[in-house]
Amino acid sequence: MCIVPFVLSADDGAMTPAVRTDALRKDYGRRTAVRGLNLAVEPGTVHGLIGPNGAGKTTTLRMLLDIIRPTSGEIRVLGSSPRRGGPGLRRRIGYLPGELRLEGRVTGRNLLRHYAEISGVVAPGAAEEFAGRLDLDLTRPVRALSKGNKQKLGLVQAFMHRPELLVLDEPTSGLDPLVQREFLQLVREARDAGQTVLLSSHVLSEIQQAADRVAVLSAGSVVAEGSVADLRLTAVRHVRGAVDSATARELKAELDALPQVRELEVADSGRFSAVLDGSPDPLLKVLAEHRVLDLVVEEPDLEESVLALYGPEADHA
Ligand SMILES: Nc1ncnc2c1ncn2[C@@H]1O[C@H](COP(=O)(O)OP(=O)(O)OP(=O)(O)O)[C@@H](O)[C@H]1O
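Residues numbered from 1 in each chain as written. Predicted model: local features only at pLDDT ≥ 70, side-chain atom pairs only at ≥ 80, totals over all residues. Heavy atoms only, no water.

Per an unreviewed UniProt entry, the recorded name for the protein is ABC transporter ATP-binding protein, and the organism is Saccharopolyspora halophila. Under the UniProt heading Sequence similarities (unreviewed entry), the note attached to the protein is "Belongs to the ABC transporter superfamily." (UniProt positions renumbered as here; feature names shortened; annotations may be inferred.)

Chemist: In this structure, what is going on with the layout of surface pockets? I would like to understand it.
Modeler: If you roll a probe as big as a water molecule over the atoms, it shows you where there is empty space left. Empty space within the largest pocket amounts to approximately 290 Å³. Lining the largest pocket are 18 residues, and of these Arg90, Tyr95, Pro97, Tyr115 and Gln157 sit closest to its centre. Secondary-structure elements contributing two or more residues to the lining of the largest pocket are strand 5 (93-96), helix 3 (108-119) and helix 5 (147-159). Its residues assigned to classes, the lining of the largest pocket shows nine nonpolar, four polar and five charged. (1 Å grid on protein atoms, 1.4 Å probe; cavity = no way out; pocket = protein on both sides within 12 Å on 5 of 7 lines; lining within 4 Å. Points joined across faces, edges and corners; volume = space filled by probe spheres on them. Helix = DSSP H or I, 4+ residues; strand = E, 2+ residues; numbered from the N terminus. Nonpolar A, V, L, I, M, F, W, Y, C, P; charged D, E, K, R; others polar.)

Chemist: Looking at this structure, I do not really get helix 5. What am I missing?
Modeler: For the α-helix, the turn length of 3.6 residues means that residues three or four positions removed from each other point alike. Taking 1.5 Å of rise per residue, the 13 residues of helix 5 would be expected to cover 18 Å, and the 19 Å separating its terminal C-alpha atoms lies within 8% of that figure. Here helix 5 has its buried residues at Gly148, Asn149, Lys150, Gln151, Lys152, Leu153, Gly154, Leu155, Val156, Gln157, Ala158 and Phe159. Packed against the buried residues of helix 5 are strand 5, helix 3, helix 4 (126-133), strand 6 (165-169) and helix 6 (177-192). (Expected span 1.5 Å × (residues − 1). Buried < 20%, exposed > 50% of the residue type's maximum accessible area, 1.4 Å probe, protein only. Contact = heavy atoms within 4.5 Å.)

Chemist: Whenever I open this one, the packing of helix 3 against helix 5 confuses me. Can you help?
Modeler: Any two packed helices are characterised by the angle at which their axes cross and by the distance between the axes. Two elements in contact, helix 3 and helix 5, have axes separated by 10 Å at closest approach and are oriented at 35 degrees. As helix 3 runs across helix 5, the sense of the crossing is right-handed. From helix 3, Gly108, Leu111, Leu112 and Tyr115 reach across to helix 5, where they touch Leu153, Val156 and Gln157. Looking at the contact of helix 3 with helix 5 residue by residue, the classes come out as five nonpolar, two polar and no charged. (Axes fitted to C-alpha atoms, helices over the stretch in contact; angles between N-to-C directions. Left-handed = near helix turned anticlockwise from the far one by under 90°.)

Chemist: Sorry, what's going on with the pattern of salt bridges here?
Modeler: Opposite charge on two side chains permits pairing when their charged atoms draw close. All chains considered together, the criterion is met by 18 salt bridges. Of the charged contacts in the structure, one is a salt bridge between Asp27 and Arg25, with a shortest N-O distance of 3.2 Å. The class of Asp27 is partly exposed, set by a relative accessible area of 23%. The exposure class assigned to Arg25 is partly exposed, which follows from its relative accessible area of 30%. Ionic pairing is found between Lys285 and Asp281, a salt bridge with its closest N-O pair at 2.8 Å. Taken together, the residues Lys285 and Asp281, both in helix 10 (residues 281-287) and four residues apart, mark about one turn of the helix. Three or more residues joined by partner-sharing salt bridges are found here, namely Arg133, Glu182 and Glu189. (Salt bridge = Lys/Arg side-chain N within 4 Å of Asp/Glu carboxyl O.)

Chemist: Sorry if this is basic, but what is going on with the sheet that holds strand 2 (residues 31-41) here?
Modeler: Read across the open sheet, the three strands follow the order 2-1-4; overall the sheet is antiparallel. In this open sheet, the two edge strands, each paired with only one partner strand, are strand 2 and strand 4 (72-77). Pairwise comparison of adjacent strand axes, ignoring direction, gives a mean angle of 20 degrees for this sheet. Sheet topology note: the strand 1 (residues 19-28)/strand 2 ladder contains seven bridges and is antiparallel. Within strand 2, the position partnered with Lys26 by the bridge is Val34. Sheet strands touched by helix 1 (residues 57-64): strand 1, strand 2 and strand 4. Its angle to strand 1, the strand with the most contacts, is close to 115 degrees. (Pairing = 2+ DSSP bridges.)

Below you can see the structure in the form of structure tokens.
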């Protein structure tokens, strides 16, 4: 019998994912941290793994790096099994662990030299360039660095050898807003250079500007997956405005009838406010029948949307 190997050719239009997991599971005794996780991260994209504390993000990322082993399921990272890929595979990955512990008298620069011996070729000046952009002083001993500066050092070691794949566990944790913005810029530049980025966060708003796709994790499973644009369509928007007071009551009755509209308040003066789930189209069609004096639709807060859909208060029935 002849077994034909399954190979994706360029003609298929499909690329081998940079990261792929199939039915991935990790049990700690009777506790299941990750249950049946299917994940596909396309090469050259930024993929966000979002979820509340305990959702299984760190456990998943550590299995990709072969720091811990799955109970069952399959993993492919850059086409190889993490278990068999060894140091050769590890050098193609930049990893920022979630619980970064850096101690000792050694300076940031010397620590990075040590990391460079493990991670392989680092272009001259690359570490200094990343450190400069993140506003990190490499001459200070690492034990004297604040939590945020240690996090920056962790980011520099992940980025400095320009790996094919960056796996970043809660990368924005401890960074002030300006540095966070610079970090997101580094992520976009990495993607534009063809690198793949998989990063986790429990705060979607922090990464939504840089991520192409997002997988939402809850209790060890992916509960939603899609492009940031798709998520935006299911987003929660806050709307407020005013119509002519003469039609205020009419407006209230019409908006009350829309299933997408919640927390509606319409004053006799014609001022109104509401929370809108999903597309703004039905609301706009109603408003179009009135004389609209004011209208503000706030940029959707994806985090609020995700929590409304999948958070602890959500109805999972
Ligand atoms: N070594 C371990 N032994 C036992 N349980 C563990 C261990 N590591 C993780 N867990 C449990 O597995 C579940 C998933 O944890 P994990 O750290 O992967 O979540 P997370 O999404 O990264 O959350 P956080 O943002 O809080 O780090 C949690 O219930 C956690 O308590």
